[in-house]
Structure formats: C-alpha cells, structure tokens
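If you want the building blocks of each chain, they are given just below.
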Amino acid sequence: MSVTAVYPGTFDPVTYGHLDVIQRAAARFDAVIVACLRNVSKAPVFELEERVELLQSVTADLSNVTVEVFEGLLVDFCRDRGVRLIVKGLRAVSDFEYELQMAQMNSRLGDVETLFLTTSPVYSFLSSSLVKEVARFGGDVSDFVPPIVAEHLSRRLST
Ligand code: PNS
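Attention in this report is confined to the structure presented alongside it.

Quick notes on the rules
Sequence order sets the numbering: in each chain, residues are counted from 1 along the sequence as written. Selection of residues for local features in this predicted model requires a pLDDT of at least 70, selection of side-chain atom pairs for listing and counting requires 80 or more, and totals for whole chains, interfaces and linings are taken over all residues. Side-chain measures here rest on the full set of heavy atoms in the structure, leaving out hydrogens and waters. In DSSP terms, a helix is any run of H or I states spanning at least four residues, a strand is any run of E spanning at least two, and both are numbered starting from the N terminus. Summary of the burial criterion: residues with accessible area below 20% of their type's maximum are buried, those above 50% are exposed, and those between are partly exposed, where the area comes from a 1.4 Å probe applied to protein chains only. Only heavy atoms enter the contact rule, under which two residues are in contact if any of them lie within 4.5 Å. What makes a residue near a molecule or strand is one non-hydrogen atom of that residue sitting within 4 Å of it. The protein chains shown are the only cover counted for residues, whose accessible areas, like all others here, come from Shrake-Rupley with a 1.4 Å probe. In the scheme used here, Gly and all other residues not listed as nonpolar or charged are polar, with Ala, Val, Leu, Ile, Met, Phe, Trp, Tyr, Cys and Pro taken as nonpolar and Asp, Glu, Lys and Arg as charged. Strands are labelled as partners when DSSP assigns at least two bridges between them. For the handedness criterion, the strands are oriented away from the viewer, and a crossover whose path from the first strand over the helix to the second runs clockwise is classed as right-handed.

**Here we look at the environment of Leu100**
And step 1. Relative to the helices and strands, Leu100 is located in helix α4 (residues 93-109).
And step 2. For the pair Leu100 and Phe116, spaced 16 residues apart in sequence, the C-alpha separation works out to 9.6 Å.

Following this line, the structure appears as structure tokens:
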C-alpha cells in the first residue's frame, strides 16, 4: 500500500528546519504533499505565489515531493486527496501543547493521523519569524535558509 503524507504550514518563508522535515518524510513515505496555507489572517511577508515558488525550488531534487496550496480546513484538503497522514515537525516542548491540540482536533474532524518528527537539534531554535527578524536587521541568515530564500529575503525586506 502506498502512503502519502501531507506536511502543512505557512512557509513564510521555508527554512532549513522545514526542509529537514520534508527530506526525512520524503525518505519514509511514498509521496509527500507540502501544503502551503493561503492564510490571510497571518499577513505573511511573502505572497502565496512566492512562498510556493521557493518551496518548489528547494524541493526540486525530491522526486516524490509536490507543493500545493490550501485554504480552509486541513482535514478537507487531506480528504479530497485521500490522504490520512499529516506530518509535523516538533522543535521543542513548547511546540507540543499547541501541536497536540491541533492533532487531536484534526483527528476528531477527519480520518487523519498526525505523525510528529522531532526536528534535528541543529534546527530546534529556528523559525520563519526569527529568520525574518534577523534578515530585517541585516543579519546573516545563510545558516538558516537555502541561498535562494536568503536572496528573496534580502530583496523583500530591504524594500
Ligand atoms: O506554519 P504554521 O503557520 O505554523 O502552520 C499552521 C497550519 C497551517 C498547520 C495550521 O494553521 C492549519 O492547519 N491551518 C488550517 C486550518 C485548520 O485546519 N485548522 C484546524 C486545525 S486544528
């Protein structure tokens, strides 16, 4: 039986922490759909098209990974594609409470299981918000995001 997992997020922008989870999921499942949330409420720095373009670019070498957009409930997105597995990354205990709540809500709303991959300790401190803050004040983000993302960050945050 082939297993597809959905890895959801805002990806504003994608970081090496996200990429680590995507690569490890891609090595363990037949297919991985990276589901990028349209999310107007969070007012992302990057437009949806740019977030998707960056995700596609940094996952281009992973043949079983695709990038899709979603809005509304994640469980509806999963159901429409016949996917019953959500993958999330857990960086620290502080992530756990909210992630547990979401996993339980999603399991209650739809026929989906959430599987947590513990983030590599190298990236446990990393978040898109912190990367944007570092970039905004001219800090070096090359250890945190792929080069193409760093380029887009410097272009976007310097304007
Ligand atoms: O990268 P993020 O912003 O932490 O990702 C959060 C995301 C997209 C996984 C979460 O907000 C989500 O699944 N939103 C879709 C709406 C939904 O299904 N909500 C109910 C989940 S409890």
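From this point, the discussion proceeds with the structure in view.
**Concerning the environment of Phe11**
And step 1. Along the chain, Phe11 falls in the loop between β1 (4-9) and α1 (16-28).
And step 2. Judged by its relative accessible area of 2%, Phe11 is buried.
And step 3. Considering only alpha carbons, one finds Phe11 and Ser128, 117 residues apart in sequence, at a separation of 7.2 Å.
And step 4. Residue contacts for Phe11: discarding those within four places in its chain leaves His18, Val34, Ala35, Cys36, Arg51 and Leu55.

**A word on the site of the ligand**
And step 1. If you check the shell around the ligand, you find 13 residues, and the closest are Thr10, Lys42, Gly72, Leu73 and Leu74.
And step 2. Alone, the ligand offers 550 Å² of accessible surface; in the complex the protein occludes 74% of this.
And step 3. Residue composition of the shell around the ligand, grouped by class: 7 nonpolar, 4 polar and 2 charged.

**Focus on unusual backbone geometry**
And step 1. For the bond from Asp12 to Pro13, the omega torsion is 0°, close enough to zero to count as cis.
And step 2. Of note, Pro13 is situated in the loop between β1 and α1.
And step 3. Despite not being glycine, Phe11 shows a phi value in the positive range, around 50°.

**Focus: the pairing of strand β4 (residues 85-90)**
And step 1. The buried count for β4 comes to 6 of 6 residues, which makes it a mostly enclosed element.
And step 2. What you see with β4 is no split at all: Leu85, Val87 and Gly89 on one side and Ile86, Lys88 and Leu90 on the other are buried throughout.
And step 3. Relative to strand β5 (residues 113-118), β4 runs parallel, the two being bridged by 6 bridges. Pairing of Ile86 across the sheet is with Thr114, part of β5.
And step 4. This β-α-β element, β4 to α4 to β5, shows right-handed connectivity.

It is worth stressing that arrangement in space is one thing and function is another; only the former is reported here.
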